[in-house]
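Residues per chain are reported as follows:
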Amino acid sequence: MARKSMELRYPMRGVVRRNALRATPRGGGVWPAPWAVNCRIECNIDRRMRGGSRPGLTKYVSDDMGTTIADIASVNTASASGVSDILFVLVDSTVKKVEGGTTSTPIAYLVDGSGDTVRDASGNDIIVSSGTAPSSGFLVVGQQHVFAVTTAAIVKMDPKTGQVDTLAASAGTIPTSCTFGAIYRDRMVLSGEDNAIYMSKIGDYTNWDFGQQFEDSSRAWAFQLALSNEVGAAPTALIPHKDTNLLAASQRSLWVVSGDPGADGSLRRVSENIGIISSRAWCKIEDTICFLGTDGLYLVEANGSNLRPISETVIPEELRDINTSTVKVSMGYEHDRRSVHIFLRTAGGNDTHWTYELGTESFWPVRMPNNHSPLVACQHDGEVLLAGNDGYIRKLGGDSDDGTNIESHVVIGPVRLGPSNQFGRLTHLHGMIAAGSGTVNWRIVTGDTAESASDDVKTAIETFQAGGDYSSYVQASGEWTAGRANMSYPRTRAVWACLWLQSTAKWAYEGSFAESISSGKWRGA
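I will try to describe carefully the structure that is included in this document. (Residues numbered from 1 in each chain as written. Predicted model: local features only at pLDDT ≥ 70, side-chain atom pairs only at ≥ 80, totals over all residues. Heavy atoms only, no water.)

This next bit is on the overall build of the protein. Helix and strand content of the protein: 1 helix and 42 strands. Principal-axis analysis of the C-alpha atoms places the extent of the protein at approximately 95 × 65 × 35 Å. Nonlocal contacts in the protein, meaning residues at least 24 apart in sequence, comprise 61% of its contacts between residues at least 6 apart. Split by element, the accessible area of the protein, about 21,900 Å² in all, is 45% carbon and sulfur. (Helix = DSSP H or I, 4+ residues; strand = E, 2+ residues; numbered from the N terminus. Contact = heavy atoms within 4.5 Å. Areas by Shrake-Rupley, 256 points an atom, 1.4 Å probe, with all protein chains shown as cover.)

In structure tokens:
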């Protein structure tokens, strides 16, 4: 009988399901996976590029912020020591801040000209009358303050004192019904009301008089994302970069404002086919913007140049044609691991998020507990922070998801067990799991074709995750522990087979080998 030896390599191409035949390459090259969950290429034991379970989540601070975190923002403020980095939290119609690892609810006290707190006759500090923070809003940061863009008003909040005031127009009328915004060249920029983008006067977020003197280059502006003879589509995202460029998008077009529109600035269309699906569906990678369009993930320089798709042939179908009315999209860039995180949150929960590793150009699905699935994400002080549904803020990194074991799955294969048009019998399986790993469960899922084996193993994993009975898909199974002496003898007969590895522990892959023998003619279905 013909004997066949196979090296089963970790799928360094990530999850790929767009190919017509989901077969591993013959000989060299990187392997794809028909499915995986909570696995990465850089292992979470010693950060070697060998594959294993993903990093977990850790509380950023131990404090429960409240019931519903509406948004979080990173703010730089002047302080006695120079500059203070504050994480601003809008939660349950209140303002909280995290500074130096300490959470507090700032209170605005009355001070005199010397900066000393004024007290009443009883010696109590006098609290300045303050408005109520909104229950929701899109946060933008400017002039050491945070502004919540809501459909009713723009609310100004001081992260140092907690003072809350509704922004009142000093000239013109502040646009209402806006849903998102940005600060660009010290202009407040608002959109979402209609198909226009509104800019305040430079340095004055209360001045919205679009009819001021033409000679005043700092005056308020309004424009559409359109050529002179067109009507612009509704904007979906605003991305300011330094004081040089503002990327603006609709769902199917991308534009760039260079410089200031009131001076020598310009509006240029970058693409009439590619846009950004929603206001948080982007992140910055230095001077490059990564964003999610209707048909996948893209990169573009902040000045609008070099627009290109990311791994166009392997983009997951789950990242195409996302319905933003039911899916809340947010993104973040993790510099430490050079990874883009795409969070897709739904009201129903059990969401699958995605991580894209820039170095290996690979996509990896992510599942986490529903309470950890982020309402919003924010980059702050070098960390990607996630505002959970349970009122806690977490950062990426750790051995578990804040105390919850990470259930990880990865599929290696499919591989052909026998010669062409013949069955093969899997006689020997030798697994090698890295030192420091927990127990890894292995399972063999088979099929008459590479396609059917790939589909069945994905269905088996999803059934496992849902707590259902997946046993009908599995032809052989066992356990591997840390070390190089994991020997198994499955005796499984099939045309194609997938190796499914699953664990609830931290683990890393060293490699595995399989041997099979020819086991009769396959005559097709």
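From this point, things continue past the structure.
Most of strand β33 (residues 383–387) sits out of view: 4 of its 5 residues are buried. As judged from the 5 bridges shared by strand β32 (residues 376–380) and β33, these two strands associate in the antiparallel manner. Directly across from His380, in β33, lies its bridge partner Glu383. Linkage of β32 to β33, two consecutive antiparallel strands, is achieved through a turn of 2 residues, within which Asp381 is found at a positive phi near 55 degrees. Pairing of β33 with strand β34 (residues 393–396) involves 3 bridges; the strand directions are antiparallel. When the bridges of β34 are listed, Leu386 appears paired with Arg394. The antiparallel hairpin formed by β33 and β34 contains 5 residues in its connecting segment, where Gly391 sits at a positive phi of about 90 degrees. (Buried < 20%, exposed > 50% of the residue type's maximum accessible area, 1.4 Å probe, protein only. Pairing = 2+ DSSP bridges.)

So, about the sheet that holds β32. A sheet is described by the order of its strands in space; here 4 strands give the open sequence β5-β34-β33-β32, paired in antiparallel fashion. Two strands close off the open sheet at either side, each with one partner strand: β5 (57–59) and β32. Neighbour-to-neighbour, the strand axes of the sheet open up by a mean angle of 35 degrees, direction not taken into account. (Axes fitted to C-alpha atoms, helices over the stretch in contact; angles between N-to-C directions.)

Below, the discussion takes up the pairing of strand β16 (residues 187–191). Counting buried positions along β16 yields 5 of 5 residues, so the element is predominantly enclosed. Side chains Arg187, Val189 and Ser191 of β16 all project onto a buried face; the interleaved residues Met188 and Leu190 project onto the opposite face, where all are buried too. Sheet analysis places strand β15 (residues 180–184) next to β16, joined by 5 bridges and oriented antiparallel. Note that in β16 the partner of Ile183 across the bridge is Met188. In textbook terms, the turn of a hairpin is the stretch between consecutive antiparallel strands, and for β15 and β16 this stretch comprises 2 residues, one of which, Arg185, has a positive phi near 50 degrees. Once β16 ends, the chain turns through 4 residues before running back antiparallel as strand β17 (residues 196–199), passing Gly192 with a positive phi of about 110 degrees.

If you look at the biggest cluster of nonpolar residues, it comprises 82 residues, and the most contacted ones within it are Leu8, Leu292, Leu297 and Leu501. The contacts of Leu292, once residues within four sequence positions are left out, are Gly275, Ile276, Ile277, Ala281, Leu297, Leu319, Ile322, Val329, Met331 and Ile342. (Core = buried A, V, L, I, M, F, W, Y, C linked by side-chain atoms within 4.5 Å.)

For helix α1 (residues 450–465), with 16 residues, the first-to-last C-alpha span of 23 Å sits near the 22 Å given by 1.5 Å per residue. The complete set of buried residues in α1 reads Ala450, Ala453, Ser454, Val457, Lys458, Ala460, Ile461, Thr463 and Phe464. Buried positions along α1 lie against β2 (36–37), β35 (408–416), β37 (440–447) and β41 (496–503). Immediately beyond the C-terminal end of α1, within one or two residues, lies Gly467, with a positive phi of roughly 80 degrees. (Expected span 1.5 Å × (residues − 1).)

This part takes up the pattern of salt bridges. Within this structure, the stated rule accounts for 28 salt bridges. A salt bridge links Arg394 to Asp390, with the shortest nitrogen-to-oxygen separation between them at 2.7 Å. Comparing Arg394 with Asp390 shows no difference in burial state: the two are buried. A salt bridge links Lys506 to Asp399, with the shortest nitrogen-to-oxygen separation between them at 3.2 Å. Placement of the pair is Lys506 in the loop between β41 and β42 (509–521) and Asp399 in the loop between β34 and β35, with a sequence separation of 107 residues. By relative accessible area, Lys506 is classed as partly exposed at 26%. Residue class for Asp399 comes out exposed when judged on its relative accessible area of 52%. (Salt bridge = Lys/Arg side-chain N within 4 Å of Asp/Glu carboxyl O.)

In this section: the sheet that holds strand β20 (residues 235–241). Ordered by their spatial adjacency, 4 strands build an open sheet running β20-β21-β22-β23, and the pairing between neighbours is antiparallel. Each of the sheet's edge strands pairs with one partner strand only, and the pair in question is β20 and β23 (266–271). Here the average twist between neighbouring strands, direction ignored, is 20 degrees. Here strand β22 (residues 253–258) pairs with β23 via 5 bridges, running antiparallel. From the neighbouring strand, Leu254 faces β23, where its bridge partner is Ser271.

Before going further, it helps to spend a moment on the environment of His335. On the secondary structure map, His335 appears in the loop between β28 (327–334) and β29 (339–346). For His335, a relative accessible area of 55% puts it in the exposed group.

Summed over the entire model, instances satisfying the criterion amount to 12 aromatic pairs. Consider the rings of Tyr356 and Phe363, whose centres lie 4.6 Å apart with planes at 45 degrees: the pair is tilted. One aromatic cluster is present, built from ring pairs that chain together Tyr10, Trp364 and Tyr509. A cation sits over an aromatic face here: Lys59 above Tyr392, 4.7 Å from the ring centre. Positioned above the aromatic ring of Trp500 is the side chain of Arg443, whose terminal nitrogen or guanidinium carbon lies 4.6 Å from the ring centre. (Phe/Tyr/Trp six-rings, centres within 6.5 Å; stacked < 30°, edge-to-face > 60°. Lys NZ or Arg CZ within 6 Å of the ring centre and 35° of its normal.)

Checked against the element boundaries, Ser5 lands in strand β1 (residues 3–8). Taking C-alpha positions, Ser5 is 8.9 Å from Ile517, a pair spaced 512 residues apart along the chain. When residues no more than four places from it in sequence are discounted, the contact partners of Ser5 are Ala514 and Glu515.

So, about unusual backbone geometry. For the bond running from Gly413 to Pro414, omega is 5 degrees, close enough to zero to count as cis. Take Pro414: it is sitting in strand β35. Of note, Asn38 is a non-glycine position whose phi angle comes to about 60 degrees, a positive value. Assessed through its relative accessible area of 3%, Asn38 is described here as buried. Notably, Asp402 is not glycine yet its phi reads approximately 50 degrees, a positive angle. Among the secondary structure elements, Asp402 is positioned in the loop between β34 and β35. Taking the relative accessible area as the measure of exposure, Asp402 reaches 25% and is therefore partly exposed.

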